[in-house]
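Okay, here's what each chain looks like letter by letter:
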Amino acid sequence: MATRPELLITGAGGQLGQALLRAAAARGGAAVGLGHAELPVEDRDRVRTELGQHRPRWVLHCGAWTDVDGCEADPARAERSNALGTAHLAEACLELGIGLVHVSTDFVFDGRRTTPYLVDAPPAPLSAYGRSKWLGEQAVLRHGRPDFHVVRTSWVFGIGGKNFPRAILARARSGQPLRVVTDQRGRPTFATDLAEALLDLVGSGAPGGIYHAANQGECSWHEFAVAILAAAGLDQVPVGTMTSAELGRPAPRPAYSVLDTQRLDTVRGRPMPHYQDALRRYLQEELR
Ligand SMILES: NC(=O)c1ccc[n+]([C@@H]2O[C@H](COP(=O)([O-])OP(=O)(O)OC[C@H]3O[C@@H](n4cnc5c(N)ncnc54)[C@H](OP(=O)(O)O)[C@@H]3O)[C@@H](O)[C@H]2O)c1
């Protein structure tokens, strides 16, 4: 009989899914990664079949439609992928006695605060993406299971991913002028560090519920762009400023979405590294 894997990772082709597969392998754990095509979570029957076949101890749910402006244009698809799909996983996990970690987002908050969001701060999403992720959270939390977790994170960048550092470096190298928004603040998060934190959480026996996970430090997107260029040795490239209104993206973003990570830091006995440190490690890998 095949060994029962410890972990099953959805959205395994994405930034976090890939980082989790690497981190689990480095720890010597058995993990199965299923990409979007292998497990489209909005398909209830496929979810039940795959989970029933693999019978992992934990599902780490990283699959999501993360195109925030795409979600705004097609909220029904966002809901199918991010809310209904998560509900299917929660039901199947409940039935099969599997623990569940649903990775969620800082975009469940409206960004009107000026101090970090605690895990029990009331969500008030501004965008279709944020609403669909919040519905997904509720589909997990409503079961009140001690091994069902919602882990909100923010501003994720991972090796090989389509992300902000990659976009900034490409733009800087193309010689085109660079202008970045100053009126959104958050906490950048390296997928590699987030993966370690998630593995620690599932190994900890910590109570079910909401956790926040992000690298230490906070910045605006403009400050983050300046840090990326400095870390890549491109600090001679000028970075102009702009407002979110000038950028005019279809989906509204929270102006302030700094997550308070204390609950998870306490479980792990340490915070995640500072984002500047994470950025150096990311660039070392990415520019190799
Ligand atoms: N990226 C961020 O800045 C950020 C910030 C906060 C929270 N998060 C959350 O963190 C998690 C991981 O994000 P990430 O950065 O790794 O995103 P990502 O790189 O976009 O990866 C998401 C993966 O999910 C897959 N996927 C999309 N729809 C799916 C579906 N219906 N069923 C199964 N898989 C599906 C995607 O496949 P295709 O590409 O083939 O569609 C992709 O491989 C997500 O839950 C996201 O909401 C991300």
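Here, every reference points to the structure presented above.
Residues numbered from 1 in each chain as written. Predicted model: local features only at pLDDT ≥ 70, side-chain atom pairs only at ≥ 80, totals over all residues.

Caption draft 1: Local environment of the overall build of the chain. Counting secondary structure elements, the chain contains 11 helices and 12 strands. Whereas a compact globule of 288 residues would reach a radius of gyration of roughly 19 Å, the chain reaches 18 Å, a difference of no more than 12%. Overall size of the chain, expressed as C-alpha extent along the three principal axes, is 60 × 35 × 35 Å. Looking at the chain as a whole, 47% of its 288 residues qualify as buried. A separation threshold of at least 6 residues defines the contact pool for the chain, and within that pool the share at least 24 residues apart is 82%. (Helix = DSSP H or I, 4+ residues; strand = E, 2+ residues; numbered from the N terminus. Rg over C-alpha atoms; globule rule 2.2 N^0.38 Å. Buried ≥ 20, exposed ≤ 12 C-beta atoms within 10 Å, placed from the backbone. Contact = placed C-beta atoms within 7 Å.)

Caption draft 2: Fine view of the packing of helix α2 (residues 44-54) against helix α4 (residues 75-96). Following both chains from N to C, one finds α2 and α4 inclined at 35°, their axes separated by 9 Å at the closest point. In the packing of α2 onto α4, the handedness of the crossing is right-handed. Residues Arg 44, Val 47, Arg 48, Leu 51 and Gly 52 of α2 lie in contact with α4, whose contacting residues are His 88, Leu 89, Ala 92, Cys 93 and Leu 96. Looking at the contact of α2 with α4 residue by residue, the class counts come to six nonpolar, two polar and two charged. (Axes fitted to C-alpha atoms, helices over the stretch in contact; angles between N-to-C directions. Left-handed = near helix turned anticlockwise from the far one by under 90°. Nonpolar A, V, L, I, M, F, W, Y, C, P; charged D, E, K, R; others polar.)

Caption draft 3: Summary view of the site of the ligand. Not every one of the 28 residues close to the ligand is listed here, only the nearest: Gly 11, Gly 14, His 36, Gly 63 and Ala 64. For the shell around the ligand, the element with the most residues is helix α1 (residues 15-26), which contributes three residues. The residue makeup of the shell around the ligand, split by class, is 10 nonpolar, 15 polar and three charged. (Near = placed C-beta within 6 Å.)

Caption draft 4: Structural context of the sheet that holds strand β4 (residues 99-105). As summarised here, the arrangement of the six strands in space is β2-β1-β3-β4-β5-β10, forming an open sheet in which the pairing is parallel. Lying at the two open borders of the sheet, with one neighbouring strand each, are β2 (31-34) and β10 (209-212). Recorded for the sheet is a direction-independent mean angle of 20° between the axes of neighbouring strands. Two strands pair when backbone bridges link them, and strand β5 (residues 148-153) and β10 are joined in this way by four bridges, in the parallel orientation. Across the sheet, residue His 149 finds its bridge partner in β10, namely Gly 209. (Pairing = 2+ DSSP bridges.)

Caption draft 5: View of α1. When the terminal C-alpha atoms of α1 are compared, their 17 Å separation across 12 residues agrees well with the 16 Å that a helix rising 1.5 Å per residue should span. Taken across its 12 residues, α1 has nine buried, putting it largely inside the fold. Among the residues making up α1, those that are buried are Gln 15, Leu 16, Gly 17, Gln 18, Ala 19, Leu 20, Leu 21, Ala 23 and Ala 24. Count one or two residues on from α1 and you reach Gly 28, which has phi positive near 80°. (Expected span 1.5 Å × (residues − 1).)

Caption draft 6: Summary view of the nonpolar core. Ranked by internal contacts, the top residues of the largest apolar core, which has 82 residues, are Ile 9, Leu 20, Leu 194 and Leu 198. Broken down by element, this core gets its largest block of residues, eight residues, from helix α7 (residues 191-202). Contacts of Leu 194, omitting those with residues within four sequence positions, involve Leu 16, Ala 19, Thr 153, Val 156, Thr 189 and Ala 213. (Core = buried A, V, L, I, M, F, W, Y, C linked by C-beta atoms within 7 Å.)

Caption draft 7: Looking closely at unusual backbone geometry. Despite not being glycine, Arg 55 shows a phi value in the positive range, around 45°. Judged by the 13 C-beta atoms lying within 10 Å of it, Arg 55 is partly exposed. With a phi close to 45°, Trp 155 is a non-glycine residue in the positive phi region. Among the secondary structure elements, Trp 155 is positioned in the loop between β5 and β6 (156-157).

Caption draft 8: Inspection of the environment of Asp 45 at higher detail. Structurally, Asp 45 is set in helix α2. Taking the C-alpha atoms as reference, Asp 45 lies 8.8 Å from His 88; in sequence the two are 43 residues apart.

Caption draft 9: The pairing of strand β1 (residues 7-10), seen in detail. The alternating pattern of β1 places Leu 7 and Ile 9 and Leu 8 and Thr 10 on opposite faces, both of which are buried. Pairing geometry for β1 and β2, over four bridges, is parallel. Residue pairing in the sheet places Ile 9 in a bridge with Gly 33 of β2. Taking the sense of rotation as the criterion, the β-α-β connection linking β1, α1 and β2 turns out right-handed. Note that β1 and strand β3 (residues 58-61) share four bridges and pair parallel. Considered in β3, the bridge of Ile 9 is made with Leu 60. (Right-handed = clockwise from strand over helix to strand, strands pointing away.)

Caption draft 10: Broad picture of the environment of His 274. Turning to its location among the elements, His 274 is positioned in the loop between α10 (262-268) and α11 (275-286). The partly exposed category is assigned to His 274, around which 14 C-beta atoms lie within 10 Å.

Caption draft 11: Summary view of α11. Taking 1.5 Å per residue, 12 residues should reach 16 Å; α11 reaches 16 Å between its end C-alpha atoms and fits that length. The elements touched by buried residues of α11 are β6, α6 (164-174), β9 (189-190), α7 and α8 (221-231).

Caption draft 12: Local environment of the packing of α8 against α11. For the pair α8 and α11, interaxial distance at closest approach is 10 Å and the crossing angle is 45°. The pairing of α8 with α11 is recorded here as oblique in orientation. Taken as a pair, α8 and α11 cross one another with a handedness that is right-handed. Two secondary-structure elements touch here, α8 through Ala 227, Ile 228 and Ala 231 and α11 through Gln 276, Leu 279, Arg 280 and Leu 283. Grouping the constituent residues of the contact of α8 with α11 by class yields five nonpolar, one polar and one charged. (Parallel < 35°, antiparallel > 145°, perpendicular 65-115°, else oblique.)

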